[in-house]
Amino acid sequence: MIDTHAHIDADAFDDDREEMIRRAFDQGVEAIIIPAIEPKRFEGVLSLCEQYDQVYCGIGVHPHNANDFNQQAETRIINAMQFPKVKAVGEIGLDYYYDFAPRDVQKDVFRRQLRIAKECRKPVIIHNRESDDDVMEILKEEQHGELTGVLHCFSSNIHVLRTALDLNFHISFTGNITYKKSILDDIVKATPLSRIMIETDSPYMTPVPHRGKRNEPAFVQLIAQKIAEIHQVTIEEIIAMTTRNARALFGLPLLMIGLIIGLSTFPMHAQDERDEEEEETTETVKTPSPYARFIGLGPSIATNTIVETLTSLDVSEKRGTRSWDGNPAFGFSVAYNPLEFLMFDLGLMHTRNNAKLNNANKVPGTPTDPDVYTVGHLTARAIANPRGKVSFFASAGINYLSKRVYATNVEFSDDKQLAFNAGAGFMVNIPTSYGMIIPIAEWRLDFESKNNVTKIPNVDPYNTWGNVEISTFYSLPKLTILWYPKF
Ligand SMILES: [Zn+2]
Ligand SMILES: [Zn+2]
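What you see is a predicted model, and the numbers here were worked out from it, not measured in a lab.

A short note on the overall build of the chain
Turning to step 1, where the next piece is worked out: On a plain count of helices and strands, the chain comes out with 12 helices and 18 strands.
Turning to step 2, where the next piece is worked out: Here the chain holds 487 residues, and 53% of them are scored as buried.
Turning to step 3, where the next piece is worked out: The long-range fraction of contacts in the chain, counting pairs at least 24 apart against all pairs at least 6 apart in sequence, stands at 70%.
Turning to step 4, where the next piece is worked out: Counting every atom, the chain has about 21,900 Å² of accessible surface; 56% of that belongs to carbon and sulfur.

Printed below as a string of structure tokens:
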């Protein structure tokens, strides 16, 4: 099942686009084609195509937006035709019902886009409302023998249908054929199955019994059902034919798993056709992952609490813990996701122990530079629910720690060692036209692998302890913002 016309980039889906697309795939929809309507939405449409393997698009300017068509828009449309997910020029056409743009402008813009389609050898997705005569006249004039396309949301009369079929066009039907007052039954009946396609025109044209609600691609099956009733064939046959027609017209790759899921939803009839399609099948459906195959990068901030456990080697029974909290830490991360539920994070954090310095400064003769910690980390995050808008994870990894701590009254000592990190947190997936933005809130603990033996400097309250063995860990509530650019 292919929804050949769904505006799923529309604002109406901003709150639940991911779930809405998932519902469609769950219902057996194998592919969705988004027709663009205006230049300022091109990027959004293309980015949805990049996010979902089964989402394709047409790029073009709708007659409502004909006033926005200019040289620059024309160039963008032509350039877009080389992207593999762009399968058509559209949505283009005429709309004399709303007349949002002057008719002369609409006609000119329509014609110029038909010429792009011919030049780029792409099919066109045509919108026609109360403009039958001019649409058909322009199509006749522009049909040079190889122009193909679809008249979407077909609602015209039998003469227009016949002309369209003569001109080698496909016919796509949507929710209005399910309405009680529909007068389109004869038109549907007169459309040969070899030319018919189905669409939702989401979020508009909601089919019965959902009429009045927002439309979405998961409902496209209802259009197939209605066509099956009118043609008196099984819905499986309509699904097989419309899918085949859409694939052939738009040049869509075949998707085996989608096909099987789609078919398994229905009782097994029309086996011959299905077998044929499965034989042709070359690709498998890859369910979209928000991160997989991508590299992200971004800055981190944290407040670092440094916790030391001290054991005196010279004075028995002297053991205690002290900590310095609220030390700002800064860093960055580069992330790579080989699998959707696994993220590797390579990065660096830098902290200065200002809290300790402030404490020490109360004592005369104390240092004026803070202890400095620089830690490189390689962390693996196991993501529990990568498809969620908010996903939770646990993490673990190793650190390379370099610290320079105040050791005596006058000297710093340098120390380099391995450390281990463990943490947990959540991330939020925010798709944007520039790529995915993922804020990550994480609580991380870093444990030093070896203890330090040192003499506590005499400005320190612990200096009566003599030589002291110190084990250290760091508590870092951390915020990282990763950007997964599109490339
Ligand atoms: Zn339309
Ligand atoms: Zn449309």
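Picking up where we left off.
Overview of the environment of Glu237
Turning to step 1, where the next piece is worked out: Among the secondary structure elements, Glu237 is positioned in helix H9 (residues 235-250).
Turning to step 2, where the next piece is worked out: For Glu237 and Leu193, which are 44 residues apart along the polypeptide, the C-alpha to C-alpha distance reads 9.2 Å.

Some details on the confidence of the model for the chain
Turning to step 1, where the next piece is worked out: Residues at a pLDDT of 70 or more form 88% of the chain, whose mean pLDDT is 87.
Turning to step 2, where the next piece is worked out: In the model, residues 257-288 has pLDDT below 50 throughout and makes 55 contacts with residues more than four positions away in sequence or in other chains.

Describing the pairing of strand E18 (residues 467-485)
Turning to step 1, where the next piece is worked out: Two strands pair when backbone bridges link them, and strand E9 (residues 295-312) and E18 are joined in this way by 12 bridges, in the antiparallel orientation. Looking across to E18, one finds that Thr311 is bridged to Glu469.
Turning to step 2, where the next piece is worked out: Bridging between strand E17 (residues 452-455) and E18 involves four bridges; their strand directions are antiparallel. Looking at E18, one finds that Lys455 is bridged to Asn467.

Re the coordination of the zinc ion (ligand 2)
Turning to step 1, where the next piece is worked out: Binding of the zinc ion (ligand 2) to the protein goes through His5 (NE2), His7 (NE2) and Glu91 (OE), at separations of 2.0 to 2.1 Å.
Turning to step 2, where the next piece is worked out: As a motif over one chain, the donors of the zinc ion (ligand 2) read H-x1-H-x83-E.
Turning to step 3, where the next piece is worked out: In this structure, the zinc ion (ligand 2) lies 3.2 Å away from the zinc ion (ligand 1), the two metals sharing Glu91 as a donor.

Here's the deal with the coordination of the zinc ion (ligand 1)
Turning to step 1, where the next piece is worked out: Coordination of the zinc ion (ligand 1) by the protein is provided by Glu91 (OE), His127 (ND1) and His152 (NE2), with metal-donor distances spanning 1.8 to 2.1 Å.
Turning to step 2, where the next piece is worked out: Mapped onto the sequence, the residues coordinating the zinc ion (ligand 1) show the spacing E-x35-H-x24-H.
Turning to step 3, where the next piece is worked out: Owing to a relative accessible area of 12%, His127 belongs among the buried residues under this scheme.

Structural notes on the side chain of Asn421
Turning to step 1, where the next piece is worked out: Summarising the element assignment, Asn421 is placed in strand E14 (residues 412-428).
Turning to step 2, where the next piece is worked out: Ignoring anything within four residues of it in the chain, the contact list for Asn421 reads His377, Leu378, Thr379, Ser395, Ala396, Gly397, Ile398, Asn399, Arg444, Leu445 and Asp446.

Observations regarding helix H5 (residues 132-142)
Turning to step 1, where the next piece is worked out: Regarding H5, the residues found buried are Asp134, Val135, Met136, Ile138, Leu139 and Glu142.
Turning to step 2, where the next piece is worked out: Lining the buried residues of H5 we find strand E4 (86-95), helix H4 (103-120), strand E5 (124-129), strand E6 (149-151) and helix H6 (158-166).

Topic: the pairing of strand E16 (residues 435-448)
Within a regular beta strand, the side chains point alternately toward one face of the sheet and then the other, so they alternate between its two faces.
Turning to step 1, where the next piece is worked out: Bridging between E14 and E16 involves nine bridges; their strand directions are antiparallel. What sits directly across from Asn421, in E16, is Asp446.
Turning to step 2, where the next piece is worked out: Strand direction decides the pairing type here: E16 and E18, joined by 13 bridges, are antiparallel. The partner of Ile437 across the bridge, within E18, is Trp483.

Some thoughts on the sheet that holds strand E7 (residues 170-173)
Turning to step 1, where the next piece is worked out: One open sheet holds the eight strands; their spatial order is E1-E2-E3-E4-E5-E6-E7-E8, and the pairing between them is parallel. Where the open sheet ends on each side, the last strands, each with one partner, are strand E1 (2-3) and strand E8 (196-198).
Turning to step 2, where the next piece is worked out: Here E5 runs beside E6; their pairing, made up of three bridges, is parallel. Within the sheet, the bridge partner assigned to Ile126 lies in E6 and is Leu151.
Turning to step 3, where the next piece is worked out: Across the face of the sheet, H9 comes into contact with E1, strand E2 (31-35), E4, E5, E6, E7 and E8 while running at roughly 95° to E8.

A closer look at the pattern of salt bridges
Turning to step 1, where the next piece is worked out: Taken as a whole and assessed by the stated rule, the structure comprises 25 salt bridges.
Turning to step 2, where the next piece is worked out: The residue Arg112 makes a salt bridge to Glu74 at a minimum N-O spacing of 2.7 Å. Taken as a pair, Arg112 in helix H4 and Glu74 in helix H3 (residues 71-80) lie far apart in primary sequence, 38 residues in all.
Turning to step 3, where the next piece is worked out: Accessibility expressed as a relative area gives 26% for Arg112, which makes it partly exposed.
Turning to step 4, where the next piece is worked out: Look at Glu74 and you get buried, because its relative accessible area is 12%.
Turning to step 5, where the next piece is worked out: Here the salt bridges share partners, and the residues they tie into one network are Arg111, Arg115, Lys118, Glu141 and Glu142.

Overview of the environment of Val405
Turning to step 1, where the next piece is worked out: Tracing the sequence through the fold places Val405 in strand E13 (residues 390-406).
Turning to step 2, where the next piece is worked out: Not counting residues within four places of it along the chain, the set of residues in contact with Val405 comprises Asp371, Tyr373, Glu411, Phe412 and Ser413.

Concerning the nonpolar core
Turning to step 1, where the next piece is worked out: By size, the foremost hydrophobic cluster in this structure holds 74 residues, and its most contacted members are Ile8, Ile59, Leu139 and Phe173.
Turning to step 2, where the next piece is worked out: When residues in this core are grouped by element, the largest group, six residues, is from helix H8 (residues 220-231).
Turning to step 3, where the next piece is worked out: If we ignore the near neighbours within four places in the chain, the residues touching Ile59 are Ala36, Phe42, Val45, Leu46, Ile77, Ala80, Met81, Val86, Ala88, Val89 and Gly90.
Turning to step 4, where the next piece is worked out: Grouped together as the second largest cluster of nonpolar side chains are 12 residues, Ile2, Ile125, Met197 and Leu252 included.

Rules used throughout
Residues numbered from 1 in each chain as written. Chains lettered and ligands numbered in written order. Predicted model: local features only at pLDDT ≥ 70, side-chain atom pairs only at ≥ 80, totals over all residues. Heavy atoms only, no water. Helix = DSSP H or I, 4+ residues; strand = E, 2+ residues; numbered from the N terminus. Buried < 20%, exposed > 50% of the residue type's maximum accessible area, 1.4 Å probe, protein only. Contact = heavy atoms within 4.5 Å. Areas by Shrake-Rupley, 256 points an atom, 1.4 Å probe, with all protein chains shown as cover. pLDDT = per-residue confidence, 0-100. Pairing = 2+ DSSP bridges. Donors = N, O, S within 2.8 Å, 3.2 Å for Na, K, Ca; no water. Axes fitted to C-alpha atoms, helices over the stretch in contact; angles between N-to-C directions. Salt bridge = Lys/Arg side-chain N within 4 Å of Asp/Glu carboxyl O. Core = buried A, V, L, I, M, F, W, Y, C linked by side-chain atoms within 4.5 Å.

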